[in-house]
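Structural features, examined
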Amino acid sequence: MAAAAEPGPRAWLGGGSPRTSSPASSPDLDSRGRARQGPRSGPGSGPERAGARTPGPAASGHTFRKVTLTKPTYCHLCSDFIWGLAGFLCDVCNFMSHEKCLKLVKTPCTSVAPSLVRVPVAHCFGPRGVYKRKFCAVCRKSLEAPALRCEVCELHLHPDCVPFACSDCRQCHQDGHRDHDTHYHHWREGNLPSGARCEVCRRTCGSSDVLAGLRCEWCGVQVHAVCSAALAPECSFGRLRTMVLPPACVRLLSRNFSKMHCFRISESAVPEPGEGDPAADGSAHACPGREVPPQESRPDKQTLRIFDGSDAVHRGHFRVISVPRQAGSQEVLEAALRAYYITEDPGDFELQALPTALRAGDPAARGQAQSGGALEEEGSRGPGPPESVPVAEARIIRALPRTQDVLKVYPAWLKVGVAYVSIRLTADSTARTVVLEALPLLGRQAEGPESFQLVEVLMGSRQGERVAGSPCPKQPVPCALGREGGRLQAWVPCSADSHAPHPVVQRTVLADEELLLHRLRDIRQTSLRQMSQTRFYLAESRPVAPRVSLFVGGLPPGLCLREYSSLLDEAVATKAGLVSVSHVYASQGAAVLDVACFTEAERLYMLVKDTAVHSQPLTALVLPDVLHTKLPPDCCPLLVFVNPKSGGLRGRDLLCSFRKLLNPHQVFELTNGGPLPGLHVFSQVPHFRVLVCGGDGTVGWVLSALEETRHRLACREPPVAILPLGTGNDLGRVLRWGAGYSGEDLFSVLVSVDEADTVLVDRWTILLDAHEANGAENSVADLEPPKIVQMSNYCGIGIDAELSLDFHQAREEEPSKFTSRFHNKGVYVRVGLQKMSHSRSLHREIQLQVEQREVELPSIEGLIFINIPSWGSGADLWGPDSDSRFEKPRMDDGLLEVVGVTGVMHMGQVQGGLRSGIRIAQGAYFRVTLLKATPVQVDGEPWIQAPGHMIISAVGPKLLSPPDLGTVSLSVTQRWLHCVAGPKEARQPGHHLEESMWCPEAPGGAGSRDQKGPELSSGAQEATTAESTWEPALITEDTWHFASRL
């Protein structure tokens, strides 16, 4: 037995591969009891082959050989050009090096990388895409065809290299397995910008020619692989440290849920990694040890299909190699082992021929029903049926029987001085005997073995099966393999409809009497690839208290907790004692469930997603818990909302980029549950900020949700910043975030948000109260109930809203065509030309009261209430000229400006800066009477409003504004009004209650303001901001704090 020293707290590639004194350098024994040098018993380890290899560093596991270069080649360590005709190439992972750089290589080979991961975390791959000048992290070759990218980290892979990638994604939360509070660098190799400079030596470390250089995926520091030793191992999260939600402050028991579920990533159009794609190119990428079958047969070559175990045969997954026809059996075996990145001693393996039925392409023998298709090269599909392609000869790699073996046992806790210990296994070795031998080596000899258990961890699990943990007492899971945290575990086959097609890290607790030599033999028989990604942990036998938070949206609004509980019990049969409703958001029709059973949580999650209540489909999300008491004092995390439908469908890329720059648990997709899940997760965070990525309508959506949940938030007024993705983006313009996002570096955007100043912007509430008109001609059969909407920018009635409505309907019919702002504006122009001759005499169809005073309207076609000095993509509708009748407009003065337009021609002239609108009034309280059904739009969201009343009154929030080039003096006098209807006893002197709305007697009227809740009162508050720099500003509530660029 032996122990390998823990390489300090430093994390190497993938967040934990060590340097010297690593697990890869621990002495091992071969199957015959002989001592081996260098990496042996671990996956992908093996001896250098005589006469052809040059020994590489023991810790990195490479098998280098000298090769003759026939084309320009670069070193993968220093990224410099290799002069001359000779270089050193690793036979397994294609790592190329200068001879002078060999002794400096610390990047682990693909064959040993899975054994060097500190904390195994599964990746989640998005849909295939074309990534120019990127390289595969497994075979180190260029990604020339559609490839896969992890949605959380910068891992890029060929589709057929996915099964060989180690589970080394970022650890973004605590899940009860090797949790720790100290955070270390998480290094990812290569794919850096070509101009990236090393943090240590300041030389260029990026390359567009090879996979070279390292980047920490948390703090973003970029270094040479050699220079990384000069950096402190602890990661401080870099420039964005105050905005990042630390992983140690997030807890999510994610057992039974894939990473796609945990991070709320949409699974539509996401193919299964490593599986064929009918729409994909039929060619395959040539990886080490295997070649693409030639289009024309060569007389001197033979093509073989290689399977790595019974599971590969059952699924029809194989690798293709091409070897000389005169090659001996040993040479063919070595090529087959390299195809699966296995560098163990070839003497421990043999090649066996497959049954005749499989060679002939018998679908039944191949298990076609389980694999979902015919035999094919893994990661690709041919253009035609398999029967039309000549079937190559097939072989399967089998491990020879071993009388003894070596097992690496890792501690399940991080505060220990070794990375793992090596235990010699014999035919009588059981899980209990291994625990007894490992405890003294790990410094826990004083503790009894009954307090520990041996846990098998599969770091790259199959997509077609999972571990079902914590079965419910009334639904025992058959075929149990063991226990996890005192609960049964079982392998359960899953259909494509019952789970996400993404790998999870599987853990199985071994029974005390389990014979480990037999278990290792069975794993190797099943899959040599699976053996290379299996690890054994010594863990404490402490019971796990399951607790999963499930957000359920789409429920009928306005119910109480008991009614929601009954409704969910009827819809999805929740189990009493295991499921409870912890939070209810009645106004938004949502509830949060606390589930005390992992299996029940998974069942509810999958069932809710396929359930509809009152013809409304439900939404289910797995939510983490933010440990707000552990947040650093200077931490003010950023809550990011992204509307993927905004910005010409650019939101998808923004979601992926924000997940990589921040913690994925602080990034939420608005089309998947809306803003409420994010606000619930952050409800106990004492200080946080919000970034809304979308158009003006999206910003209004988030602000409305903030107002409704404000009384539940520990941070009552979170500042809000804007990344404008819409067509007009008027609010983003006035807050100096720009006319629209056009691909700028998101890191710079986040820095601007962090440096933003807070400014105040009025926010207004509109009460819509429809009633039957006097004339039978305009009567409405089904009257709409009164409703309340909020406004930040402007409210249009008439021709302005009619154009917005036509545009909205055109976008709803063909959303795929609205992918650019230029096209969107072109549609607006076309719709406007069609309405050029339209006339409805709006002044005869509406009546206006301002501050209880009737206002006579001129002959107009559109009436617009404006709160900000930008309308219709930046036009100044009020105009710059001074007018003694009105105060100078400001977006924080508690007043709205009322402007009229005479038609489409007038609107076009305003857009061109040739005219201004017709100034009608200015005030803080408005009442509009609609005599006919009329188009209305609020912040770009249009609809047809039935005849009735519209009452507009102030409500107020605060926004963020980015920095400017100079210093300005902002004298901000903020007045706002909570205008949600309140009970009569809440009335304050000096206010009139009319149509369930509070309104001041006069502009700027005094009053009191209470916290928004069941009882609301109105009032005004003045706040003066002293001199401030040209900084971005955020939005908070109550005359929102907005982040803006001045």
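Summarised in this report is the structure supplied together with it. (Residues numbered from 1 in each chain as written. Predicted model: local features only at pLDDT ≥ 70, side-chain atom pairs only at ≥ 80, totals over all residues. Heavy atoms only, no water.)

**Points about unusual backbone geometry**
We note that Arg 140 has phi near 65°; this positive angle belongs to a residue other than glycine. For Arg 140, the position within the fold is in the loop between strand 7 (96-97) and strand 8 (148-149). One non-glycine residue, Ala 573, lies in the positive phi region at around 55°. Inspection of the secondary structure assignment puts Ala 573 in the loop between helix 11 (561-572) and strand 28 (579-585). (Helix = DSSP H or I, 4+ residues; strand = E, 2+ residues; numbered from the N terminus.)

**What to know about the pattern of salt bridges**
Within this structure, the stated rule accounts for 33 salt bridges. Here Asp 175 makes a salt bridge to Arg 507, at a shortest N to O gap of 4.0 Å. Taken together, the positions of Asp 175 in the loop between strand 9 (156-157) and strand 10 (187-189) and Arg 507 in strand 25 (residues 506-509) put the pair 332 residues apart, joining distant regions of the chain. As far as burial versus exposure is concerned, Asp 175 and Arg 507 are alike and both buried. Where salt bridges share partners, they join Glu 344, Asp 348, Arg 402, Asp 405 and Arg 524 into one cluster. (Salt bridge = Lys/Arg side-chain N within 4 Å of Asp/Glu carboxyl O. Buried < 20%, exposed > 50% of the residue type's maximum accessible area, 1.4 Å probe, protein only.)

**A short note on the pairing of strand 14 (residues 301-307)**
Within strand 14, 5 of the 7 residues are buried, which leaves it mostly tucked inside the rest of the structure. Here strand 14 pairs with strand 15 (residues 317-324) via 6 bridges, running antiparallel. For Thr 303, the partnering residue across the bridge sits in strand 15 and is Ser 322. Relative to strand 18 (residues 393-399), strand 14 runs parallel, the two sharing 4 bridges. Paired with Arg 305 across the strands is Ala 394, a residue of strand 18. (Pairing = 2+ DSSP bridges.)

**Some words on the sheet that holds strand 11 (residues 214-216)**
In space, the 3 strands of this open sheet follow the order 10-11-12, with antiparallel pairing throughout. The open sheet is flanked by strand 10 and strand 12 (222-223), the only strands paired with a single partner. Across 2 bridges, strand 11 lies against strand 12 in antiparallel orientation. By the bridge assignment, Arg 215 is partnered in strand 12 with Gln 222.

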